[in-house]
Amino acid sequence: MEQTFAIIKPDAVERNLIGKILERIEAEGFRIASMKRVLLTLPIAEGFYHVHKERPFFKDLTKSMCEGPVILMVLEKEGAIKAWRKLMGATNPAEADEGTLRKEFAVSLEKNSVHGSDAPETAVFEISYFFSQTEIIP
């Protein structure tokens, strides 16, 4: 069983989309191994997105992730990383396929409602950044 990391971002939380997104996650066969609602601080967001530190969007990205609460999750499923990326859709909602979360819920490229790990190594880092092993129930 593969694990991946997922975030319901502040823009989606603010628009009361948590339940709709969770319903889609479960309908796609994911099991939620852990979940919590938190308000990120700027240093935490900067540490999490450190791989993008030199990119022009880093400051706006980290600031936007602190604008309201987020839902952090560890999802499980065979092929979870690829399956979650497919369900999320393209980063830019204008390019996302019909039926994906970003096509349905994203407001813009910057407010694209969800985040997910892009590789096994990324998933390991992202999960451990926010969750201790005792918080994850396989």
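Throughout what follows, the structure given in this document is the object of discussion. Worth saying up front: this structure is predicted, and the values here are computed from it rather than measured.

**Considerations on the sheet that holds strand β2 (residues 31–38)**
Then step 1. Ordered in space as β2-β3-β1-β4, the four strands form an open sheet in which the pairing is antiparallel. Looking along the sheet, the strands with just one partner apiece sit at the ends: β2 and β4 (114–116). For this sheet, the mean inter-axis angle between neighbouring strands, taken without regard to orientation, is 20 degrees.
Then step 2. Relative to strand β3 (residues 70–77), β2 is paired through seven bridges, and the arrangement is antiparallel. Bridging from a neighbouring strand, Val 38 pairs with Val 70 of β3.
Then step 3. Helix-sheet contacts for helix α5 (residues 80–88) involve β1 (2–8), β3 and β4, and the interaxial angle to β1 is about 30 degrees.
Then step 4. Contacts from helix α7 (residues 120–130) reach β1, β2, β3 and β4, with the element oriented near 60 degrees to β1.

**A closer look at the nonpolar core**
Then step 1. In this structure, Ile 8, Ile 21, Ile 25, Met 73 and Trp 84 are the most contacted members of the largest nonpolar core, which totals 19 residues.
Then step 2. At the level of secondary structure, the elements contributing two or more residues to this core comprise β1, α1 (10–14), α2 (18–27), β3, α5 and α6 (101–105).
Then step 3. Leave out the neighbours within four places in its chain, and Ile 21 touches Ile 8, Ala 12, Leu 101, Phe 105 and Val 114.
Then step 4. Membership of the second largest hydrophobic core comes to 17 residues, among which are Val 70, Leu 72, Val 74 and Phe 131.

What counts and how
- Residues numbered from 1 in each chain as written.
- Predicted model: local features only at pLDDT ≥ 70, side-chain atom pairs only at ≥ 80, totals over all residues.
- Heavy atoms only, no water.
- Pairing = 2+ DSSP bridges.
- Helix = DSSP H or I, 4+ residues; strand = E, 2+ residues; numbered from the N terminus.
- Axes fitted to C-alpha atoms, helices over the stretch in contact; angles between N-to-C directions.
- Contact = heavy atoms within 4.5 Å.
- Core = buried A, V, L, I, M, F, W, Y, C linked by side-chain atoms within 4.5 Å.
- Buried < 20%, exposed > 50% of the residue type's maximum accessible area, 1.4 Å probe, protein only.

Purely geometric stuff here, so don't read any function into it on its own.
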